Amino acid sequence: MDGEVAVRGDEYERVVYAGSGLEELGRGATGPTILELLESWWAQAVADPRVGEPSAASLATYDDATDLPDNRILLIKDFDAHGLRFFTNRDSAKGRQLAATPNAALVMLWHPMFRQVRFRGHVEQTDPAEDLEYWSSRPHASQVASWSSRQSAPVDRREDVTAGFESAEARFLDVDVPLPETWGGYRLRPVEVEFWVGMPARLHDRVLWRSTDGTPHPLDSPERWTLQRLQP
């Protein structure tokens, strides 16, 4: 068929994973907290020139309207002991899904380093002060785009998108762009965190922290989490 491209596993060289970073965990010695290890991996990813977008993450939600899971790549703003923050239009598909089912899974993948971190937990909206603080730090063009786009809504033509942006750009020319009522943040508060390292022969190294009672706890609290090494 014209335009069809077949991809077969024997037509390219498989990547040989050779990661590190979890060797000492689970051996009985006092180790880092979840937050300490996450901060260390994050700093290394930011410093690694091979990692083009270290804050990129895959967010999975549940769509009760279709009874199907949903997923997309977004950017993590930051994280602390209380969880990971991201911001979006709350009228978007993910915003509506989180309003109906405030649970999610999130994966941060740093493939050149053979590392990923997986999170599962509960999601809560950030408070208005947090929303305004981050909104005020965004570039003017990004603020304008948030006003012009009805995120996830159908549109007939790409030209309609650009026309909406140009209209909003003229509206907010040389003035501060106010925070839209529909725009704000979320905090994923994990109950499970798994650190994964790609290893040779696909014998990957995996460790899982799980909340002792199934509810979110601070990521710097060693008493509220159990640590378990997993099979590849």
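Preceding this section is the structure that the text describes.
Summary of the structure given here. Here the residue index of a chain counts from 1 through its sequence in written order. Per-residue local features of the predicted model are confined to residues with pLDDT of at least 70, and side-chain atom pairs are confined, for both listing and counting, to 80 or more; whole-chain, interface and lining totals are unaffected and use all residues. Side-chain numbers come from the whole structure's heavy atoms, not from hydrogens or water.

Only residues whose relative accessible area exceeds 30% and that take part in no salt bridge are eligible for patches, with like-charged residues grouped when within 9 Å of each other and nonpolar side chains (Val, Leu, Ile, Met, Phe, Trp, Tyr) grouped when within 5 Å. Method for areas: the Shrake-Rupley scheme with a 1.4 Å probe, in which residue coverage is limited to the protein chains shown. Put simply, a salt bridge is a Lys or Arg side-chain nitrogen that is within 4 Å of an Asp or Glu carboxyl oxygen. Residues counted as positive are Lys and Arg, residues counted as negative are Asp and Glu, and His and the chain ends are not counted. To locate a charge, take NZ of a lysine, CZ of an arginine, CG of an aspartate or CD of a glutamate. The grouping of Glu36, Glu39, Asp80 and Asp220 at the surface amounts to a negative patch. Strands are runs of DSSP state E lasting at least two residues, helices are runs of H or I lasting at least four, and both sets are numbered from the N terminus onward. Within the fold, Glu39 resides in helix 1 (residues 34-47). Three labels apply to residues, based on accessible area from a 1.4 Å probe with only protein chains included: buried if under 20% of the type maximum, exposed if over 50%, partly exposed otherwise in between. Judged by its relative accessible area of 41%, Glu39 falls in the partly exposed class.

Our next topic: the environment of Pro139. Mapped onto the elements of the fold, Pro139 is located in the loop between helix 3 (128-137) and helix 4 (140-148). Put simply, Pro139 and Arg50 are 89 residues apart on the chain and 25 Å apart in space, counted from C-alpha to C-alpha.

The biggest cluster of nonpolar side chains holds 36 residues, and the ones touching the most others in it are Leu106, Met108, Trp110, Phe119 and Phe195. Contact between two residues is taken to exist if any of their heavy atoms lie within 4.5 Å; hydrogens are not considered. For Met108, the contacting residues outside a window of four places in its chain are Trp42, Pro54, Ala56, Ala57, Ile76, Leu84, Arg115, Gln116, Val117 and Phe119. Residues belong to a common nonpolar core when they are buried Ala, Val, Leu, Ile, Met, Phe, Trp, Tyr or Cys residues joined through side-chain atoms within 4.5 Å. Core analysis: the next-biggest nonpolar cluster, separate from the first, contains 7 residues, Phe87, Trp135, Val144 and Trp183 among them.

This brings us to the pattern of salt bridges. The final tally for this structure, using the stated rule, is 13 salt bridges. A salt bridge links Asp78 to Arg85; the shortest N-O distance between them is 2.7 Å. Classification of Arg85 by relative accessible area gives buried; the value is 11%. Arg187 is paired through a salt bridge with Glu130; the nearest N and O atoms lie 2.5 Å apart. Of this pair, Arg187 sits in strand 7 (residues 183-197) while Glu130 sits in helix 3, and the two are 57 residues apart along the sequence. With a relative accessible area of 11%, Arg187 lands in the buried category. Classification of Glu130 as buried rests on a relative accessible area of 14%. If you follow the salt bridges from partner to partner, you end up with Asp78, Arg85, Glu124, Glu130 and Arg187 in one network.

On to the side chain of Glu192, then. One can find Glu192 in strand 7. The class of Glu192 is buried, set by a relative accessible area of 16%. In terms of polar contacts, Glu192 uses its side chain to reach the side chain of Arg120, at 3.1 Å. At 3.1 Å, the side chain of Glu192 forms a polar contact with the side chain of Arg210. When residues no more than four places from it in sequence are discounted, the contact partners of Glu192 are Arg118, Phe119, Arg120, Leu208, Trp209, Arg210 and Trp225. Two N or O atoms form a polar contact when they lie within 3.5 Å of each other; inside protein one atom must be a possible hydrogen donor and the other a possible acceptor, and for residues adjacent in sequence the pair counts only when both atoms belong to side chains.

Counted residue by residue, strand 4 (residues 83-89) has 7 buried out of 7 residues, so it is predominantly covered. Where strand 3 (residues 78-80) and strand 4 come together, 3 bridges link them in antiparallel fashion. For Asp80, the partnering residue across the bridge sits in strand 4 and is Gly83. The pairing criterion for strands is at least two bridges between them, as found by DSSP. With antiparallel pairing between neighbouring strands as the criterion, strand 3 and strand 4 make up a hairpin whose turn holds 2 residues. In this sheet, strand 7 lies alongside strand 4 in antiparallel orientation, the contact comprising 6 bridges. Along strand 7, the bridge assignment pairs Leu84 with Leu188.

By the burial criterion, the buried members of helix 3 are Glu130, Asp131 and Trp135. Buried residues of helix 3, seen end-on, are gathered within an arc of 125 degrees and therefore sit on one face of the element. Summarising the geometry of helix 3, the exposed residues directed more than 90 degrees from the buried face are Ala129, Glu133 and Ser136. Buried-residue contacts for helix 3 involve strand 4, helix 4 and strand 7. Its side-chain oxygen placed 3.0 Å from the backbone nitrogen of Ala129, Asp127 serves as the N-cap of helix 3. To be clear, the arc concerns the directions from the helix axis to the C-beta atoms.

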